[in-house]
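Structural characterization, general
As a plain string of letters, each chain reads:
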Amino acid sequence: MIEFSKSENMFPDFEIEQDLISSGCPIIAGVDEVGRGPLAGPVTAAAVILDPLNIPDKLNDSKVLSSKQREKLFEKLKFSSSFAVAHVSPTEIDKLNILQASLLAMVN
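Calculation criteria
- Residues numbered from 1 in each chain as written.
- Predicted model: local features only at pLDDT ≥ 70, side-chain atom pairs only at ≥ 80, totals over all residues.
- Heavy atoms only, no water.
- Helix = DSSP H or I, 4+ residues; strand = E, 2+ residues; numbered from the N terminus.
- Pairing = 2+ DSSP bridges.
- Axes fitted to C-alpha atoms, helices over the stretch in contact; angles between N-to-C directions.
- Polar contact = N/O pair within 3.5 Å; in protein donor to acceptor, adjacent residues only side chain to side chain.
- Contact = heavy atoms within 4.5 Å.

1. A few points about the environment of Leu 39
- Mapped onto the elements, Leu 39 comes out in the loop between β1 (30–34) and β2 (43–50).
- In this structure, the C-alpha to C-alpha distance between Leu 39 and Pro 90, residues 51 residues apart in sequence, is 9.0 Å.

Right under this line is the structure:
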């Protein structure tokens, strides 16, 4: 069984991914969402599959990067990873609720 817990080393090291790959999962994507706090606006989710041999420097926590650093990192990731982005509209959020809308964005 694979345990998911925060470690002292918060930099991507692919340890968990290697365990999953050895357990038979050939592709692992990281997924996150934004937009759950606003009163209006879409909820957006993104999934990213990194190339373990080509991880850009400073890839850790976007909240500690400046706008310029995030943009540079995004440019690198566009060419060194596979990714998808999905949005769920405010109308759909009102129909579903924010949790279900977030989950819908993650599977789209």
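Further notes follow.
2. So, the sheet that holds strand β3 (residues 81–88)
- One open sheet accounts for three strands, arranged β1-β2-β3; its pairing is antiparallel. Two strands bound the open sheet, and with one partner strand each, they are β1 and β3. Strand-to-strand, the axes of this sheet are offset by a mean angle of 15 degrees, without reference to chain direction.
- Pairing of β1 with β2 involves five bridges; the strand directions are antiparallel.

3. Notes on the side chain of Ser 81
- Assignment of secondary structure puts Ser 81 in strand β3.
- A distance of 2.6 Å separates a polar atom in the side chain of Ser 81 from the backbone oxygen of Leu 77.
- Among all residues touching Ser 81, those that are not within four sequence positions of it are Val 48, Ile 49 and Leu 50.

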